[in-house]
Amino acid sequence: VVDRHGSPLVDAVVFFNFVAGDWPAPAEPVSMHQEDLTFSPHVLPIMNGSTVSFPNDDPVLHNVFTPDSIGRNFDLGTYPPGTTPLYQFDNPCSIVCDAVMLCNIHPDMEAYVVVLQNPFHARTDADGRYRIADIPVGEYMIGAWHELYEVDSLVVNVEAEKALPVDFRLRNFR
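The text that follows walks through the structure, step by step, so that each part is easy to find. None of these values were measured; they are calculated from a predicted model. (Residues numbered from 1 in each chain as written. Predicted model: local features only at pLDDT ≥ 70, side-chain atom pairs only at ≥ 80, totals over all residues. Heavy atoms only, no water.)

This part takes up the pattern of salt bridges. Overall, the coordinates contain three salt bridges when judged by the stated rule. Note that D11 is salt-bridged to R123, the shortest N-O span being 3.3 Å. You can see D11 sitting in the loop between β1 (2–3) and β2 (13–17) and its partner R123 sitting in strand β13 (residues 121–123), a full 112 residues away along the chain. Between D90 and R72 there is a salt bridge whose closest N-O contact spans 3.3 Å. (Salt bridge = Lys/Arg side-chain N within 4 Å of Asp/Glu carboxyl O. Helix = DSSP H or I, 4+ residues; strand = E, 2+ residues; numbered from the N terminus.)

Listed below in structure tokens is the structure:
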């Protein structure tokens, strides 16, 4: 996944949409840490219904909240170091939904939870590369999300045991 100039985009989320089947959310929470006054990871793709833990690994107070409706405008309140509040993202969305995570104590802290319908998604690395495995055979819409760009998508045909390279060049700013 690259930008309009061909530069790799880190923390883009590539996802398959409308994959038929029953895709229950993972039973175990996934984590978005607060460390060195930043959220880590900066982008966390999850399945709808997943619970996210927000451990405070800093020696200071933190808060996590979102003004976005996909997160039902939650506010976990202020909490001390060593505390790990949880939040379940169970507000379904149609294609891809993102919720900005903020800290009202540290206004420079910002991250994103990206909520998806199924487990077939990946976050890009520093080179803009990603890998999604075990996708059922069929025709699908595959999309790319990035915090600075509009979602781009295209239709692909997944064949059995055959690699399918899909590249995205994101051009339009949000």
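Moving on, we get to the packing of aromatic side chains. One pass over the structure, following the stated rule, counts eight aromatic pairs. One aromatic cluster in this structure is built from F54, F74, Y87 and F89. (Phe/Tyr/Trp six-rings, centres within 6.5 Å; stacked < 30°, edge-to-face > 60°.)

Within the open sheet, the three strands sit side by side as β3-β7-β10. Their pairing is mixed. Since the sheet does not close on itself, it has two edges, and those belong to β3 (30–31) and β10 (86–88), each with one partner. Note: β3 against strand β7 (residues 51–53), two bridges, orientation parallel. Within β7, the residue paired with S31 across the bridge is S53. (Pairing = 2+ DSSP bridges.)

Okay, the sheet that holds strand β15 (residues 149–158) next. Sheet strands pair via backbone hydrogen bonds, and the direction of the pair is either parallel or antiparallel. Spatially, the four strands line up as an open sheet ordered β13-β2-β14-β15, and their pairing is antiparallel. Only two strands of the sheet have a single neighbouring strand rather than two, namely β13 and β15. Looking at each pair of strands side by side, their axes are set apart by 20 degrees on average, direction ignored. The pairing of β2 with strand β14 (residues 138–146) spans five bridges and is classified as antiparallel. What sits directly across from V14, in β14, is A144. (Axes fitted to C-alpha atoms, helices over the stretch in contact; angles between N-to-C directions.)

Fair warning: the whole summary comes from geometry, so function is off the table for now.
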